[in-house]
Amino acid sequence: MADDSNSAFQARQTGLIVRIPEAEPYVRGWRERLDPSAQAGVPAHVTVLFPFLDESRIDALVHSALADVLGSHQAFDLQFERCGRLPGVLYLVPEPDTQVRQLTEAIADRWPEAPPYGGRFTEIIPHLTIAQSQEAATLEEVESDLAGKFPFTSHVASVELIVHDGVKWQERASFTLGR
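Below: a short report on this structure. The shown structure was predicted, so the numbers you read here are calculated from the model rather than taken from an experiment.

Bringing the sheet that holds strand β4 (residues 89-95) into the picture now. In any sheet, the strands associate via hydrogen bonds between backbone groups, in a parallel or an antiparallel arrangement. Pairing is antiparallel in the open sheet, where four strands are placed in the order β5-β4-β3-β6. In this open sheet, the two edge strands, each paired with only one partner strand, are β5 (128-131) and β6 (152-156). Within this sheet the neighbouring strands show an average axis-to-axis angle of 35°, counted without direction. When strand β3 (residues 76-86) meets β6, the two strands line up antiparallel, connected through five bridges. By the bridge assignment for β6, L78 is matched with S154. Running over the sheet, helix α1 (residues 24-34) touches β4, β5 and β6 and is turned about 65° from β5. Sitting on the sheet, helix α5 (residues 136-146) touches β3, β4 and β5, and the angle it makes with β3 is about 145°.

Written out as structure tokens, the structure reads:
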């Protein structure tokens, strides 16, 4: 969920995620050891937008706008069949990822001051981070352990707003996708 670096999370940061509870039995142990967002209380997820607005900006109007934007998108299924890699990062690949990209783009279009990953990357790559800032041998060990645990499917029917309280990430709201 983080920005795929070791930077510390800041109090009042927010993010929008879709939970992937079906992944927890396979990735929880690895994520707790190798992913700072898991260590800070974030469940297995695919990020929709991080960072979002500072918590001080999230009021009833923002909640209403999020409900409108997200409610205009249909619920969908994600299939997880393989791992992917970025430098120092191992993640599960959600397929198809079109709906996640559309959610990200819709939120970023509505709040252009909150570009995905702070504008650090030009391409949106939906993913479920398992390990980050790790050596290749560690990533290979994790990937080998996960082999044979695929495929699994997750039904995405909501997007969660999470807020960092200075110590842990906490869910603050859930927005239902259209049916």
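Next comes the rest of the description.
Taking 1.5 Å as the rise per residue, helix α4 (residues 98-110) with 13 residues should run 18 Å; its terminal C-alpha atoms sit 18 Å apart, in good agreement. Inspection of α4 places V100, L103, T104, A106, I107 and A108 among the buried residues, and these make up the whole buried set. Contacts from the buried residues of α4 go to β1 (14-19), β2 (45-49), α3 (60-71), β3 and β7 (158-164).

Turning to the side chain of T129, a few remarks are in order. With respect to the helices and strands, T129 occurs in strand β5. Polar contacts involving the side chain of T129 include one to the side chain of H127, which spans 3.3 Å.

Moving on: the environment of I162. By the secondary structure assignment, I162 is in strand β7. It is 9.4 Å that separates the C-alpha atoms of I162 and F52, two residues lying 110 residues apart in sequence.

Here the focus is empty space enclosed by the protein. All chains considered together, the criterion is met by one cavity of 30 Å³ or more. In this structure, the largest cavity spans a volume of roughly 40 Å³. What lines the largest cavity is T47, V48, L49, F50, T104, P116, Y117, I124, I125 and P126. Sort the elements by how many residues they give to the lining of the largest cavity and β2 lands first, with three residues. Across the lining of the largest cavity, the residue classes tally to eight nonpolar, two polar and no charged.

Cut-offs used in this document
- Residues numbered from 1 in each chain as written.
- Predicted model: local features only at pLDDT ≥ 70, side-chain atom pairs only at ≥ 80, totals over all residues.
- Heavy atoms only, no water.
- Pairing = 2+ DSSP bridges.
- Helix = DSSP H or I, 4+ residues; strand = E, 2+ residues; numbered from the N terminus.
- Axes fitted to C-alpha atoms, helices over the stretch in contact; angles between N-to-C directions.
- Contact = heavy atoms within 4.5 Å.
- Expected span 1.5 Å × (residues − 1).
- Buried < 20%, exposed > 50% of the residue type's maximum accessible area, 1.4 Å probe, protein only.
- Polar contact = N/O pair within 3.5 Å; in protein donor to acceptor, adjacent residues only side chain to side chain.
- 1 Å grid on protein atoms, 1.4 Å probe; cavity = no way out; pocket = protein on both sides within 12 Å on 5 of 7 lines; lining within 4 Å.
- Points joined across faces, edges and corners; volume = space filled by probe spheres on them.
- Nonpolar A, V, L, I, M, F, W, Y, C, P; charged D, E, K, R; others polar.

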